Structures are given as structure tokens and as C-alpha cells.
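# Residue-level structural notes
Spelled out from the first residue to the last, the chains are:
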Amino acid sequence: MMHPFFDGHNDLLLKMTLGRVTAEEVRDGHGKGQIDLPRARAGGMGGGFFALFVPTPGAPGMDMAAMRRESYDLPLPPELDHATALDQVRIGMDHFDRLALLGVITPCTTADQIADALQGPGMAAVLHMEGAEAIGPDLAELDEFYARGLRSIGPVWSRSTIFGHGVPFRFPSDSDIGPGLTGAGKDLVRACNARRIMIDLSHLNMAGLRDVAAISDAPLVATHSNAHAVTPSARCLTDAELHLIAETGGMVGVNFGTCFLRPDGKFVSDCPVDHLLRHLDHLMGILGEDGVGFGSDFDGAVLPNWMKDVSGLAMLREALVAHGIGDALMAKLTHGNWLRVLRKTWGE
């Protein structure tokens, strides 16, 4: 049996909001990015978290030349204003709804719905927010977003928000680089716990992660993060952070972005599968076989050249088999661990 992948993170909605691809093109196939329905079927991707992310207006993109050097420290963009974020997030949700209308995705708000939808014909889709700038300090928007299907929130992307502080694209570095959650951030965690919305630790700094650990009653989850012991990037999780996640029965989704896979932190496509397997082995060594999955960052990162796009999940599956991953563990890594942690988080 070919176990379908449930993926911890993609940025397809961002590409749609920027006008770079239409819902019809995602349904029919296109060459403008890394994910569409035909290639998802070819790669065995059954679904995943679809992220709402708002880029900083007028800010330059990532300095890719800098991220090919031996070390780098990219400046963070300024904070995003609430009105802009709210407008763009609502547009992203409209794109999510359009994908559902066309049968590209099946929106899911329970783990059972995900399990039922993983075999297609559309992709099982959980609506996620990467950076909570669209939520004001009184959290008034949270129930609106929940009603529209939002079930996962990362309080920050890399730039700061009213809720806390992210980490820059910095190598080498760890994430112990600033204060933790603000008072509003701690209120957001409690409000998400009350509504059974998952909190995503990816992009939070070390102090923020520890604050979530002290407050939350749910498993700790980093949807698209890797092991700092293999790649000493500020975005990767230290062993101490991984042990905190493990203590709660949480999990980490391995990020396919090459700057988080390569030991030298360079954002280039030359990235043998062995680098990914090193992260996988290290994470399983701390989190166990029940605590690791995949969080690709499709349409948001430079991928290894052997993977290229979502169809490359088929090659990942072959590499996992060659690495000695048996059928039972394959089922856990591809989707079973996500279903386990979501059932516990969402109270099912």
C-alpha cells in the first residue's frame, strides 16, 4: 500500500494571492511553482496545511546571494500593520474556498476528515496562518477565522508581531536571540487552546517556544523545522527545544528548504537526500518514531534538485525505503503522526 503524505506546510495560497497562479491552473497543472493537483497525485501527496502568509509590502525579497555565503544575517522586515494583514488574509481564505469549489482540496477541520480525504480526489486541506498579524490585540478576529476553517496558527513569521518575536535568516546561530511572547501572545495561546486551534512553533524564537510550552495544554508542534545539531541555523531547533516538544507528545515536520537541510546553511538546490535523512534520524532519535513527519515548505523555499516540486515526494519515498524505513514506520512518517497529534490537539 502506498501511504499518502500529509504535509505540514505549503505556501500555495501566497502564490495565488500574489496573482502568480489561478485556482484553475492549480487544478489542471502549471509550471509556475512547486505544487498543483496533478503533480500532488504523481508524488503521493494526499493533503496538508495550507498557509495564509502576508509578505511585507514594499520590502525586498530574501537576499539569495547572501544566503549562499559561509555565514549570513538577513535584516528582518518591519512589522506588518493589522489592516493590510487582515485584508490579505481574507483574500487568501477566498482562494482557499475557490480551490475547494473546484475540487482541488477538501477542507478539513477534524482528523477523521483528513483521514477520509487523504486518498483524494482532492487534497485534504487544513487552513493555517503563518504570522498572526491579521488578529488584533483583542483577538476579535479569531472566531471569524475559526468559522472559516482556521485550525492552526503560527504567532509569528520571522518579523515581530504584537504577539512575539521570530528569528531572522541567520547562519550560524541558534534562536536564543530575544524576548518571548508578549502579554497578547500569551493570551493568544490560551485562546487557541480554548478553541482547540493548534499553535505552530516554527519561526518562534527560543524564549517564545518556552513560553508556549509553559502555557499550552496541547502537544507542542513545529510544522516545518529541522535539527540545529545538523544545520546550525537560527530557524532550526536545538536538542533542548526538541526535548521540550517530545515531553508533550508533540512533533516536528521536516522542512525541505535546502538552507535548513545543508550543514553549511546555504540556500542552493545542490542538496543530496542524505542531508534530509540526517535530520530525520536526529529528530527521531529525540522525538521517537511517533514525533516526526514532513513539512515541505512547497512554494516557499528552494528545494533539493532531486525533488524539484511536489511530484518529487515519490523520490523521497524511495529514499526512505532504501534507508530502511519499513511499512509501519512509513505510515507514521507520511501521515499517521500528523493525525495522532491533531486528534490530541483538536480534542477528538
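This is a predicted model, so every value here is computed, not measured.

## Some thoughts on the overall build of the protein chain
- The secondary structure content of the protein chain amounts to 12 helices and 11 strands.
- A compact globule built from 348 residues should have a C-alpha radius of gyration of about 20 Å, and the protein chain, at 18 Å, falls within 12% of that.
- With the principal axes as the frame, the protein chain shows a C-alpha extent of 50 × 45 × 40 Å.
- Evaluated residue by residue, the protein chain yields a buried proportion of 59% over its 348 residues.
- Partitioning the contacts of the protein chain with sequence separation of at least 6, the portion at a separation of at least 24 is 74%.
- For the protein chain, the computed accessible surface area is about 12300 Å², with 53% contributed by carbon and sulfur atoms.
- Treating the 29 positive side-chain charges of the protein chain as one cloud and the 43 negative ones as another, the clouds have centres 2 Å apart.

## Examining helix α11 (residues 313-322)
- Within α11, burial applies to L313, L316, R317, A319 and L320. Seen end-on, α11 carries its buried residues on one side only, within an arc spanning 165°. Residues E318, V321 and A322 are exposed on α11 and point more than 90 degrees away from its buried face.
- Looking at the buried positions of α11, the neighbouring elements they touch are β1 (5-10), α3 (37-43), β2 (45-52), α10 (273-287), β11 (292-294) and α12 (327-346).
- Positive phi shows up at G324, right after α11, with a value of about 95°.

## What to know about the nonpolar core
- Among the nonpolar cores identified, the biggest contains 82 residues, and M129, I135, F294 and L316 are the most heavily contacted of them.
- If we ignore the near neighbours within four places in the chain, the residues touching I135 are H82, M129, E141, L142, F145, I153, I162, F163 and L188.
- Grouped together as the second largest cluster of nonpolar side chains are 17 residues, F49, I114, L118 and V341 included.

## Examining the packing of helix α9 (residues 239-247) against α10
- Where α9 meets α10, the closest approach of the two axes is 9 Å, and the angle between their N-to-C directions is 50°. Classified by the interaxial angle, the pair formed by α9 and α10 is oblique. Along this stretch, α9 crosses α10, giving a crossing that reads as right-handed. Mapping the contact onto sequence places D239, L242, H243, I245 and A246 in α9 and H282, L283, I286 and L287 in α10.
- Partitioned by chemical class, the residues of the contact of α9 with α10 number six nonpolar, two polar and one charged.

## Quick look at the pairing of strand β10 (residues 251-254)
- By the alternation rule, side chains of β10 split into M251 and G253 and V252 and V254, which are all buried.
- As judged from the two bridges shared by strand β9 (residues 221-222) and β10, these two strands associate in the parallel manner. Of the residues in β10, the one forming a bridge with A222 is V252.
- By the bridge criterion, three bridges tie β10 to β11 in an arrangement that is parallel. Among the inter-strand pairings, V252 is bridged to a residue of β11, identified as V292.

## Re unusual backbone geometry
- Geometrically, the link from G120 to P121 is a cis peptide bond, its omega value of 15° lying close to zero.
- With an omega of -10°, the peptide bond running from F171 to P172 counts as cis.
- Considering the arrangement of structural elements, one finds P172 in the loop between β7 (170-171) and α7 (183-195).
- Residues other than glycine seldom take positive phi values, yet R196 does so here, at roughly 60°.
- Here R196 shows up in the loop between α7 and β8 (198-199).

What counts, and where the lines are drawn
Residues numbered from 1 in each chain as written. Predicted model: local features only at pLDDT ≥ 70, side-chain atom pairs only at ≥ 80, totals over all residues. Heavy atoms only, no water. Helix = DSSP H or I, 4+ residues; strand = E, 2+ residues; numbered from the N terminus. Rg over C-alpha atoms; globule rule 2.2 N^0.38 Å. Buried < 20%, exposed > 50% of the residue type's maximum accessible area, 1.4 Å probe, protein only. Contact = heavy atoms within 4.5 Å. Areas by Shrake-Rupley, 256 points an atom, 1.4 Å probe, with all protein chains shown as cover. Lys, Arg positive; Asp, Glu negative; His and termini not counted. Charge placed at Lys NZ, Arg CZ, Asp CG, Glu CD. Arc of directions from axis to C-beta. Core = buried A, V, L, I, M, F, W, Y, C linked by side-chain atoms within 4.5 Å. Axes fitted to C-alpha atoms, helices over the stretch in contact; angles between N-to-C directions. Parallel < 35°, antiparallel > 145°, perpendicular 65-115°, else oblique. Left-handed = near helix turned anticlockwise from the far one by under 90°. Nonpolar A, V, L, I, M, F, W, Y, C, P; charged D, E, K, R; others polar. Pairing = 2+ DSSP bridges.

None of the figures reported here should be taken as evidence of function without further support.
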